[in-house]
Every structure is written in C-alpha cells, then in structure tokens.
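# Observations on the model geometry
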Amino acid sequence: MNNLSVPPTVSFGLPIGLDRSPQRRSRSGRNHRPGLFAKLGFETEPETNSRVRLGFMPVTRGQRQFGPQSTRRRWLSGLCGLALLASGCQNAIPPSDAQPAPPGAADRAGPPSVDVALAKTATQQTTQDYSGTTQPFREVAVRSRVEGYVLDMRSDVGQPVRQGQLLARVDARLLTSEAAEAQAEVSARELEVASSQAQIGEAQARVGEAELQLQQAKSDLDRLERLFREGAIAEQSVENARTAVGTAAKALQAARQQVKTRQQTVAVARRRVAAQQAIADQARQRQDFALVRSPLSGLVLAKLLEPGSLAQPGSEIIRIGDFSQLKILVRLSDRALAGVRLGQGARVRLDALPGQEFTGRVTAISPLGDAVARQVPVEITIPNPDGRLGSGLLARVSFAQAATARVTIPERALAVADLADRAPGGPGGRGGRSAGAGQSAANAPDPTQGTVFVVQGEGEAVTVAPRVVQLGSRFDGQVQVLSGLQPGDRYVLRSSGPLAAGDRVRLSAISEPAR
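First, a word on scope: everything that follows refers to the structure included in this document. (Residues numbered from 1 in each chain as written. Predicted model: local features only at pLDDT ≥ 70, side-chain atom pairs only at ≥ 80, totals over all residues. Heavy atoms only, no water.)

## Describing the overall build of the protein
Tallying secondary structure elements over the protein gives 6 helices and 25 strands in all. Within the span of the protein, comprising 515 residues, buried residues form 31% of the whole. Summarising the internal contacts of the protein: among those between residues at least 6 apart in sequence, 70% fall at separations of at least 24. When the accessible area of the protein is evaluated, it comes to approximately 31,100 Å², of which 51% is carbon and sulfur surface. (Helix = DSSP H or I, 4+ residues; strand = E, 2+ residues; numbered from the N terminus. Buried < 20%, exposed > 50% of the residue type's maximum accessible area, 1.4 Å probe, protein only. Contact = heavy atoms within 4.5 Å. Areas by Shrake-Rupley, 256 points an atom, 1.4 Å probe, with all protein chains shown as cover.)

What follows is the structure, given as structure tokens:
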C-alpha cells in the first residue's frame, strides 16, 4: 500500500452532515434540506510534492438524491477512499519536506516530568557455577609383579571388592622352582657355617695343647736354673730350657690366632647364610605375587587382562576405584581463585539428579595453572556413603562468596540515558548538548558501564546531569553500581521525555524526597 499509484487528480465526495433546519421547497417543488458535500482532492504534479486538498461545497436535497441505500453506499465509498488515501500518502510526503515544529515549542510545553529515586545499598551473595566431572576419590591400577600366564580372574567390572580380596592368579610354577633352589642354597651355606665352627674347635684344642707345652717348658726352666745355681748342670742346659719356653709361647700365640681366624670364617659364613636366606624369602614372596589381591575396598572399574593372557611385570590387570567419596575437578580463573581457599564449602548439583544438592569442600588447589587459559585446577570432594553416585557425571559447582553491600538501582534507570541517545540531535538529544551522556549508536554497548541522570538542586531550579557508572552483576531487574553513584544520591528512574545535561525537570508526585 505504500507505493500506491493515483491519477494526477483524484476527487472523492461524501456528505459529511446535513442541516437540521426545517425543510424548504425548491423551485422545482421538491422538499430539501441544505447540507455540505465534502470533496477531497489528491493532486500530483511533476517534480513537486503531492498534496491533499479538502473542499466543501453546499448541496441541497434537490441537487443530490440521497436515498437510504444510496446514502449508505456513498458513505462506504467515501470511507474507503479516505483509507486508500491515508495508506497511499504514508510515504507521499518525505520527512525532509515535513514542516518542523516552531522553535521553542518544546520549551513552551514545560520541563519533562521525572520520577526520582534515592540510591540505596543492597546485599547480594554472588555465586558462579563451574562445570566439572565426578571421579572416584581414589583410583588404583592393580598390576602384575611377576611374569606368567593369567590362570583365572575372580572379579568382574562393577563388582564390589574388599581390601585384601583375591582378584586373579598368575602361573607360579617357575617361581616355585626358584624358591626351592634358593632354599637349597641356604642349606649349603649353613653347612659351611657348621664346617667353620668345627675348625674353630680344632684350633681351640691346639691352643690348649700349646698352653700345656708352655707350662711344661716353664717348669723345666725353673728346675734347670735351680740345678745350675747349685752347680749340678752346665749353663747350656739352662739355655736350651729357655729356648723351649719361648718356642712354646710362640706356638700358643699361633694357636690362639688360628682360633680367631676360624671364628671370623664362621661369621662370614653366617652372613652368607643370611643373604641366601633373604634370597629364598624373596623367592617365596614372589611366589605369593602370583596371587593378585585388592589394595583397597571399592568397585572394579576395568578388567584389562583375561585368563590365558601373558602378564609381564608392570602389566595392568584390573582397575579399582574408591567411591566412598567423590572428587570433582573444576578450573577457576585467576580472579575467581582469590575467593577460594582450602576447606571452603561448595555446593554441588548433578544433572543426573535434578533437584538435589550436595555439600562438598575444597580439598586441593593445584599450584600449577594453565599459562594459556589462565585457569587453575581446584579439587572439590563430596561424601558418597551409600555409593549411589558414580563416576563421569556432569557436576555444577558453586562457591559461596562473601556477601557485599553495594549501591543497587533498577535496570530501567539506565534506559533514561538510552532515550536521550535516540532523541533527535545526537547523544543527549536537543542538538547534542549532553554529548557523551549515553552510548554511541555506532558502538556496541559495554555491559560493565552505563549512564544515569542525577538530580541537582531543589524547588523550581531542579536540573539533571549525566553520570557514567561502573556496573556489576545483574539480578531480578536490578544492577549493582560499583562506582559513580553513592548512597543517598538522587537519580532519574523514569522521564516523560529525553534529557540532556543541565535540563530543568519537574519532579513527579511519586519521587522520593531528598534526605
């Protein structure tokens, strides 16, 4: 309908009213009442603007025969014509050719009416959710410590196991032979010890014999020296006796040294026995390694080998998880990490269990963060006494932050500045007198910054001024003001028209009074 094409001149006529005066008789003898016939003209001229003309012409009943049905048809046709003209003329007159309002018309209308509110503080406990995945509190990979074929598996995936419970058996025939060989070597070492101890006995016997010989030599020397003093024997006999005493003393010393040597030999043999016994014990212990037992109580998470598989030392056979507690690993930014500490409480919600909330605590904060993403891993632990929670569930963790009291205003107070931006004349309206009061239409709005109009003055001299404020979190139609507005400041909550810096305003009846 916007591109309606009409002839250069189109006229529509309809009666717009009839006089209620008494009937008059015309020259033709017909009764009639004087009336008006409206004539609308739509003229188009080349290279000129289209214009609508409205004319009235008096008519009488005698000039126009208006029967009941004729009158209704003419009313309907006239109304349709007016509607057609209205729709066709929507774009007929360009906005540039529209006649502007006379200067000062807005001023003569009076200052705009505004609702004023007082800036007040409100306490809000901010929380933020972080996503993570549930994991067992402890997860252990049970590995084989010996080489051999897996004979059988005693547990399957998902089954509960107790600490020390037998999980699998590995072929231990080779280990049994090694243990027997080590034990035989222990017996051989013990025989060496016994032989050395026997040699010690022989050496001690020789020591006793040498002691007797020394004692006999000393007695002979005493007797010969007495005879020599009496002159009964020659001095040569005394010298031979003295030599015999020295020889016996040397023999005794050698025998005693031999005993010490044999004793040291026994000590070495005993140490060899102890070493071999340790080897034998290790062999028996390796024989026990063929029995794979659970190191903790939990659930079997995975079974990596089946009966008949060859297990090597270090091969993973089965994996067990402890589900008495669950841990959740989330990643926090360096800013959010400042409000988290060890032992702090946390609320955990699982998508698998809607409507339920679990209470956990921070058990670990990693000292190593991601240098690219600027995030630090944080571990949260929640209890799971009945074991109904499993691993791999999507968890949403929120940390309770300390409640802070900040200036809070309704979000619609920021729309007053947006209204000023959309007013004719640029930001602030009215020729840009308050440039910078609102956001530029060419730039994307900054969610952390806004503009409010503060009220200044009292009585008839009340004016407004734009003020840039830093915004915080938003909740329930409210927004926190981090800076730019103090408690008790009066600000415009709603305005009947665009505002600019220094504009006079009129306070509405519902405005809050200044304190």
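Next, the rest of the story.
## Side note on helix H3 (residues 173-230)
An α-helix turns once every 3.6 residues. As a result, residues three or four positions apart point the same way. Over its 58 residues, H3 runs 87 Å from end to end, which matches the ideal 86 Å to within 8%, given 1.5 Å per residue. Phi turns positive one or two residues past the end of H3, at Gly231, with a value near 85°. (Expected span 1.5 Å × (residues − 1).)

## What to know about the pairing of strand E16 (residues 345-350)
Residues Ala346, Val348 and Leu350 of E16 are buried on one face, while the alternating residues Gly345, Arg347 and Arg349, pointing to the opposite face, are not. Two elements, E16 and strand E17 (residues 357-365), share 5 bridges in a ladder whose sense is antiparallel. In the sheet register, Val348 faces E17, and the bridge partner there is Phe358. Pairing between E16 and strand E19 (residues 394-399): 5 bridges, direction antiparallel. Bridge pairing links Arg347 to Ser398 in E19. (Pairing = 2+ DSSP bridges.)

## Re the environment of Ala278
Along the chain, the position of Ala278 falls in helix H4 (residues 235-289). Classification of Ala278 by relative accessible area gives partly exposed; the value is 33%. The spacing of Ala278 and Gln183 is 95 residues in sequence and 9.6 Å in space, taken between C-alpha atoms.

## What about the packing of aromatic side chains?
Taken as a whole and judged by the stated rule, the model has 1 aromatic pair. Judged by centre distance (5.9 Å) and plane angle (55°), the ring pair of Tyr130 and Phe399 falls under tilted. Pair noted here: Tyr130 is in strand E8 (residues 129-143) and Phe399 is in strand E19, with a separation of 269 residues, a long-range link. The exposure class assigned to Tyr130 is buried, which follows from its relative accessible area of 13%. Looking at Phe399, the relative accessible area reads 1%, which means it is buried. (Phe/Tyr/Trp six-rings, centres within 6.5 Å; stacked < 30°, edge-to-face > 60°.)

## Things to note about the environment of Val348
Along the chain, Val348 turns up in strand E16. You can call Val348 buried: its relative accessible area is 0%. Distance from Val348 to Ile328, taken between C-alpha atoms, is 9.2 Å for residues 20 residues apart in sequence. Once residues within four sequence positions are removed from consideration, Val348 is found in contact with Ile328, Gln356, Glu357, Phe358, Ile380, Ile382, Ala395, Arg396 and Val397.

## Description of the environment of Lys327
Mapping Lys327 onto the fold places it in strand E15 (residues 316-333). Note on Lys327: relative accessible area 22%, which makes it partly exposed. The sequence separation of Lys327 and Pro136 amounts to 191 residues, and the corresponding C-alpha distance is 6.2 Å. Lys327 has contacts with Thr133, Thr134, Gln135, Pro136, Phe137, Glu379, Ile380 and Thr381, leaving out every residue within four places of it along the chain.

## Section: the packing of H3 against H4
The interhelical angle for the contact between H3 and H4, taken along N-to-C directions, is 170°, at an axis separation of 7 Å. Comparing their axes, H4 and H3 come out roughly antiparallel. When the axes of H3 and H4 are compared, the crossing they make is left-handed. Partitioning the contact of H3 with H4 into residue classes produces 30 nonpolar, 14 polar and 18 charged. (Axes fitted to C-alpha atoms, helices over the stretch in contact; angles between N-to-C directions. Parallel < 35°, antiparallel > 145°, perpendicular 65-115°, else oblique. Left-handed = near helix turned anticlockwise from the far one by under 90°. Nonpolar A, V, L, I, M, F, W, Y, C, P; charged D, E, K, R; others polar.)

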